[in-house]
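# Structure at a glance
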Protein chains: 2
Amino acid sequence: MEQLREMLKGHQLRTTTCREDVLSTFISKKNALSHGDLEGMLGENYDRVTIYRTLKTFLEKGIIHKVLDDEGLRYALCSQNCSEEKHQHDHIHFKCNECGETNCIENLHIPAVKLPEGYMPENFNLLIQGICPKCKS
Amino acid sequence: MEQLREMLKGHQLRTTTCREDVLSTFISKKNALSHGDLEGMLGENYDRVTIYRTLKTFLEKGIIHKVLDDEGLRYALCSQNCSEEKHQHDHIHFKCNECGETNCIENLHIPAVKLPEGYMPENFNLLIQGICPKCKS
DNA sequence: CATCAACATGCAACAGGGTTGCAAAATATT
DNA sequence: AATATTTTGCAACCCTGTTGCATGTTGATG
Ligand SMILES: [Mn+2]
Ligand SMILES: [Mn+2]
Ligand SMILES: [Zn+2]
Ligand SMILES: [Zn+2]
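Residues numbered from 1 in each chain as written. Chains lettered and ligands numbered in written order. Predicted model: local features only at pLDDT ≥ 70, side-chain atom pairs only at ≥ 80, totals over all residues. Heavy atoms only, no water.

The name recorded for chain A in an unreviewed UniProt entry is Transcriptional repressor, from Dyadobacter flavalbus. Within the UniProt record for chain A, the comment given under Sequence similarities (unreviewed entry) is "Belongs to the Fur family." (UniProt positions renumbered as here; feature names shortened; annotations may be inferred.)

## Quick notes on the overall build of chain A
Across its full length, chain A holds four helices and five strands. N-terminal to C-terminal, the α/β element order of chain A is α-α-α-α-β-β-β-β-β. Counting all 137 residues of chain A, 44% fall into the buried class. Here the contacts in chain A between residues at least 6 apart in sequence split such that 48% fall between residues at least 24 apart. Charge centroids of chain A, computed over 17 positive and 20 negative side chains, lie 2 Å from each other. (Helix = DSSP H or I, 4+ residues; strand = E, 2+ residues; numbered from the N terminus. Buried < 20%, exposed > 50% of the residue type's maximum accessible area, 1.4 Å probe, protein only. Contact = heavy atoms within 4.5 Å. Lys, Arg positive; Asp, Glu negative; His and termini not counted. Charge placed at Lys NZ, Arg CZ, Asp CG, Glu CD.)

## Focus on the coordination of the manganese ion (ligand 1)
Residues and elements named next belong to chain A. For the manganese ion (ligand 1), the protein coordination sphere consists of His65 (NE2), His91 (NE2), His93 (NE2) and Cys104 (SG), at 1.9 to 2.3 Å. Sequence spacing of the donors to the manganese ion (ligand 1): H-x25-H-x1-H-x10-C. One end of the pair, His93, is in strand β3 (residues 91-96); the other, Cys104, is in strand β4 (residues 102-109), and eleven residues separate them in sequence. (Donors = N, O, S within 2.8 Å, 3.2 Å for Na, K, Ca; no water.)

## Description of helix α4 (residues 48-61) of chain A
Residue and element names in this part refer to chain A. The terminal C-alpha atoms of α4 lie 20 Å apart, and with 14 residues this matches the ideal 20 Å at 1.5 Å per residue to within 8%. If you check which residues of α4 are buried, you get Ile51, Thr54, Leu55, Thr57, Phe58, Leu59 and Lys61. Looking at the packing, one finds that the buried side of α4 touches α1 (2-10), α2 (17-28), α3 (35-42), β1 (64-69) and β2 (72-77). Between the side-chain oxygen of the N-cap and the backbone nitrogen of Val49 there are 2.9 Å, and the N-cap of α4 in question is Asp47. Phi turns positive, to about 85°, at Gly62, one or two residues after α4. (Expected span 1.5 Å × (residues − 1). Polar contact = N/O pair within 3.5 Å; in protein donor to acceptor, adjacent residues only side chain to side chain.)

## Some points on the coordination of the manganese ion (ligand 2)
Residues and elements named next belong to chain B. Those protein atoms acting as donors to the manganese ion (ligand 2) are His65 (NE2), His91 (NE2), His93 (NE2) and Cys104 (SG), and they sit at 1.9 to 2.3 Å. Coordination of the manganese ion (ligand 2) draws on donor residues from a single chain, spaced H-x25-H-x1-H-x10-C in sequence. One end of the pair, His65, is in strand β1 (residues 64-69); the other, His93, is in strand β3 (residues 91-96), with 28 residues separating them in the sequence. As far as the burial class goes, His65 and His93 line up, both buried.

## Digging into the packing of aromatic side chains
Under the counting rule described, the total for this entry stands at two aromatic pairs over all chains. Geometrically, the ring pair formed by Phe94(A) and Tyr119(B) is edge-to-face, given 4.7 Å between the ring centres and 65° between the ring planes. Highlighted residues: Phe94(A) in strand β3 and Tyr119(B) in the loop between β4 (102-109) and β5 (120-131), drawn from two different chains. Judged by relative accessible area, which is 2%, Phe94(A) ranks as buried. (Phe/Tyr/Trp six-rings, centres within 6.5 Å; stacked < 30°, edge-to-face > 60°.)

## What about the protein's contact with DNA strand D?
Taken together, 18 residues lie around DNA strand D, and Arg14(A), Tyr52(A), Arg19(B), Thr50(B) and Arg53(B) are the ones closest in. Close to the protein, within 4 Å, the atoms of DNA strand D are drawn from sugar and phosphate at a rate of 61%. Take Arg14(B): an N or O atom from its side chain is 2.9 Å from a base oxygen of DNA strand D. Measuring from a phosphate oxygen of DNA strand D, one finds a backbone N or O atom of Asp47(B) at 3.3 Å. With four residues, α4(A) is the largest single contributor of residues to the surface near DNA strand D. In terms of residue class, the surface near DNA strand D is made up of five nonpolar, five polar and eight charged. (Near = heavy atom within 4 Å. Nonpolar A, V, L, I, M, F, W, Y, C, P; charged D, E, K, R; others polar.)

## Details of the protein's contact with DNA strand C
Near DNA strand C you find 17 residues, and of these Arg19(A), Thr50(A), Arg53(A), Arg14(B) and Tyr52(B) are the closest. Across the atoms of DNA strand C situated within 4 Å of the protein, the share located in sugar and phosphate is 59%. Here Asp47(A) contributes a backbone N or O atom positioned 3.2 Å from a phosphate oxygen of DNA strand C. Contacts to DNA strand C include Arg48(B), whose side-chain N or O atom sits 3.0 Å from a base oxygen.

Laid out in structure tokens, this is it:
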């Protein structure tokens with residue numbers, strides 16, 4: 001509980017119950033969450049818009065990062081110490097076609113790619129879809 | 001013109017002007033297009049819903065494939081001969097942060113990744129963002 | 001601990017993307 | 001030319017995400 005306050009303070013954010021709840025949800029669930037997921041879990045306590053703004057703030061401050069998959073947009077905790085200035089993410093995301101969960105695979109980096117002449121890459125985003133260990137029968 | 005009819009016929013699709021126009025737009029533009037893009041270009045001739053359904057049909061028949069980027073969903077022609085049964089795409093997509101265009105890089109394949117135990121990969125989707133050759137000053 | 005400026009929230013309202021049902025129109029087949 | 005089948009347009013709808021503004025909270029300060 002106190003840990004959450006510290007995390008928020010560390011990013012120059014005021015402590016509010018919505019921010020604490022959203023943050024602790026990300027910490028307890030390990031998988032990526034959409035706005036809709038959070039609304040489902042916290043929507044009785046907070047307005048939709050407040051949850052959106054919380055996500056937006058967390059994104060700007062480097063607390064969470066975007067995770068893209070074929071269904072849309074989700075968010076997951078930044079494991080490295082990201083900040084307002086620098087979001088660094090070159091890890092892989094895995095989406096399970098069975099349970100629908102999307103997870104960061106933190107310890108696995110995206111392999112280098114040799115692009116044709118003239119392309120200047122800045123960001124890499126690799127999504128792998130398949131069956132996750134939990135759903136492998 | 002006649003070529004379009006052949007392509008549609010080859011996928012067991014009736015020839016309609018909307019399908020011809022959408023298909024020829026994909027052929028002439030080289031980059032990935034969103035529904036909104038197509039609506040902007042053809043929206044005066046066809047209803048929004050018709051364009052949606054055309055995209056959905058093309059998707060199912062293996063004429064186009066989905067392209068994901070941080071702004072949402074786009075579509076691009078399948079270069080290989082995809083069909084209703086088999087969509088095969090392991091190429092890279094590049095989105096330019098300057099002009100906003102997203103393109104298939106057909107001749108470059110996604111490098112192999114060694115996932116942790118238990119993961120069974122089925123699909124790979126690599127999006128690289130940066131500056132494209134056209135926008136490189 | 002009371003005051004206050006800065007910030008966060010709820011509410012209402014809106015724009016956009018995407019979907020469905022159904023009647024009318026167009027297509028391919030005979 | 002007649003017909004069965006598919007496609008279209010329209011209206012209506014849901015979901016996601018955004019904005020403006022008045023009200024409520026937070027944390028810093030004296
Ligand atoms: Mn991640
Ligand atoms: Mn492609
Ligand atoms: Zn799973
Ligand atoms: Zn460009």
